[in-house]
Amino acid sequence: MIQFLQISDTHIVKTGSLVSGRLDTASPLKRVALRIAELQFEVGQLDGIVVTGDISDDGTADSYALFKSILQPLNVPIFCIPGNHDARKPFRNAFEGTGYLPEKGKLNWQHKLGDLQLIGLDTLIEGQSGGELDKETLRFLKACLSDLKQTPAVILMHHQPFKSGITFMDSIGLQKGTSKLSAILGEYQGELLILCGHIHRNILTSLAGHSVISAPSVCSSFLFNTHHDAPIGFLKQEGGFLLHQWADGFKSIRIDPVRGDGPFPF
Ligand SMILES: [Fe+2]
């Protein structure tokens, strides 16, 4: 069995800063790191941690350094893709040398994790909140999948390739490339799991016959309010993270950020 964690939207800022003047994001990530350390006793060794974007909120080198300093003591390989709050240059500087990122251009990559193929896609349009799958990225994905034949694969992308129902997030979702993505995925005969972030809420849906899961955010949540004029903003509610397992099929489990007391005998 292969098992890895998905954490998302950590929105780390440089030490001493708060997101939107009120949200401390380093503390939730530290709590998650403690929870992950406990989890390793409960489920055994983790093969990796994937981070589906918005690692940094301000795109500073300091924020990436702080992110790494919190998670690196876990000694689990970490694989990151950028979100709309990330900036490619400091992102690449922070994670180069880990062996999976390309030296230049978009941050599209692939990495074999046991029996699984991880495929990271870069949907970032720098300076914008919405994202895109441009021609280069779609070509990259198509080439990866055609080389794989029917190997089980996991595709990682920050922006959600579906309508979430949260109006203000759908207005800054994936602006371009969704129908081409759907056509490429529809041709793939193997097991495929598509993982994203961005909407700070855990939603399971499907695209071209394959499961798509958005991860909660480590630091905050967006209310599932489907009114078109719903208030725009975040909840101070830490969403935890996801554990994904592969053994003749995928299984995904949401892990709460804090373990809770117990178990108590019945
Ligand atoms: Fe985002």
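These lines cover the structure that appears in this document, whether it is placed above or below. (Residues numbered from 1 in each chain as written. Predicted model: local features only at pLDDT ≥ 70, side-chain atom pairs only at ≥ 80, totals over all residues. Heavy atoms only, no water.)

**Notes on the coordination of the iron ion**
Put simply, the ideal angle at a metal is 109.5 degrees for four donors in tetrahedral geometry and 90 or 180 degrees for six donors in octahedral geometry. Protein ligation of the iron ion involves Asp54 (OD), Asn84 (OD1), His158 (NE2) and His198 (ND1), the donor distances falling in the range 2.2 to 2.3 Å. Given 4 donor atoms and angles of 83 to 173° at the metal, the environment of the iron ion is assigned as irregular. On the basis of relative accessibility, which here comes to 2%, the residue aspartate 54 falls in the buried class. Taking the relative accessible area as the measure of exposure, histidine 198 reaches 3% and is therefore buried. (Donors = N, O, S within 2.8 Å, 3.2 Å for Na, K, Ca; no water. Tetrahedral: all angles 85-135°; square planar, octahedral: opposite > 155°, others 65-115°. Buried < 20%, exposed > 50% of the residue type's maximum accessible area, 1.4 Å probe, protein only.)

**Looking at the nonpolar core**
Ile7, Ile49, Phe67, Leu71, Cys80 and Phe95 are the most contacted members of the largest nonpolar core, which has 49 residues in total. Leave out the neighbours within four places in its chain, and isoleucine 7 touches Leu29, Val32, Ile49, Val50, Val51, Thr52, Leu71, Val218 and Phe241. The next biggest cluster of nonpolar side chains, apart from the first, holds 28 residues, and it includes Leu133, Leu141, Leu148 and Ile184. (Core = buried A, V, L, I, M, F, W, Y, C linked by side-chain atoms within 4.5 Å. Contact = heavy atoms within 4.5 Å.)

**Focus on the layout of surface pockets**
In this structure, the largest pocket occupies an estimated 310 Å³ of space. Around the largest pocket, the lining is made up of 21 residues, and of these His11, His85, His200, Phe222 and Phe234 lie nearest the centre. There is about 210 Å³ of room inside the second largest pocket. Along the wall of the second largest pocket there are 13 residues; nearest its centre are Leu133, Asp134, Lys135, Leu138 and Lys180. Those elements that place two or more of their residues in the lining of the second largest pocket are helix H4 (135-148) and helix H6 (178-186). (1 Å grid on protein atoms, 1.4 Å probe; cavity = no way out; pocket = protein on both sides within 12 Å on 5 of 7 lines; lining within 4 Å. Points joined across faces, edges and corners; volume = space filled by probe spheres on them. Helix = DSSP H or I, 4+ residues; strand = E, 2+ residues; numbered from the N terminus.)

**Focus: the sheet that holds strand S13 (residues 250-255)**
With mixed pairing, the 5 strands of this open sheet are ordered in space as S3-S2-S1-S12-S13. Of all strands in the sheet, those bounded by a partner on one side alone are strand S3 (78-81) and S13. Ignoring which end each strand starts from, the neighbouring axes of this sheet average 20° apart. Alignment of strand S1 (residues 2-7) against strand S2 (residues 48-52), held across 4 bridges, turns out to be parallel. Paired with leucine 5 across the two strands is isoleucine 49, which belongs to S2. (Pairing = 2+ DSSP bridges. Axes fitted to C-alpha atoms, helices over the stretch in contact; angles between N-to-C directions.)

**Digging into helix H1 (residues 26-43)**
Taking 1.5 Å as the rise per residue, H1 with 18 residues should run 26 Å; its terminal C-alpha atoms sit 25 Å apart, in good agreement. Residues of H1 that are buried: Ala26, Pro28, Leu29, Val32, Ala33, Arg35, Ile36 and Leu39. In the core, the buried residues of H1 are packed alongside S1, S2, helix H2 (61-71), strand S12 (241-246) and S13. Just downstream of H1, glycine 44 is the residue with a positive phi angle, here 90°. (Expected span 1.5 Å × (residues − 1).)

**Observations concerning the environment of aspartate 170**
Within the secondary structure, aspartate 170 is located in helix H5 (residues 167-170). For aspartate 170, the residues in contact, after removing those within four places along its chain, are Gln160, Phe162, Lys163, Ser164 and Gly165. At 2.8 Å, the side chain of aspartate 170 forms a polar contact with the backbone nitrogen of serine 164. (Polar contact = N/O pair within 3.5 Å; in protein donor to acceptor, adjacent residues only side chain to side chain.)

**Details of the pairing of S1**
Most of S1 sits inside the fold, with 6 of its 6 residues counted as buried. Residues of S1 alternate between two faces, with Ile2, Phe4 and Gln6 on one and Gln3, Leu5 and Ile7 on the opposite face, all of them buried. For the handedness criterion, the β-α-β arrangement of S1, H1 and S2 is classed as right-handed. (Right-handed = clockwise from strand over helix to strand, strands pointing away.)

**Some details on the sheet that holds strand S5 (residues 116-120)**
Pairing in this open sheet of 6 strands is mixed, and the strands run S4-S5-S7-S9-S11-S10 from one edge to the other. Each having just a single partner strand, strand S4 (109-113) and strand S10 (203-207) make up the two edges of the open sheet. Going across the sheet, the axis of each strand differs from the next one's by a mean of 20°, ignoring polarity. Bridge analysis of S5 against strand S7 (residues 153-156) gives 4 bridges, and the strand direction is parallel. From the neighbouring strand, glutamine 117 faces S7, where its bridge partner is alanine 153. The strands that H4 touches are S4, S5, S7 and strand S9 (192-196); relative to S5, the one it contacts most, it runs at about 170°.

**Section: the packing of aromatic side chains**
Per the counting criterion, the structure on display carries 9 aromatic pairs. A ring pair is formed by tyrosine 100 and tryptophan 109, whose centres lie 4.8 Å apart and whose planes are at 75°; its orientation type is edge-to-face. Looking at tyrosine 100, the relative accessible area reads 5%, which means it is buried. Given a relative accessible area of 1%, tryptophan 109 falls into the buried group. Put simply, the rings of Tyr64, Phe67, Phe91 and Phe95 pair up and form one aromatic cluster. (Phe/Tyr/Trp six-rings, centres within 6.5 Å; stacked < 30°, edge-to-face > 60°.)

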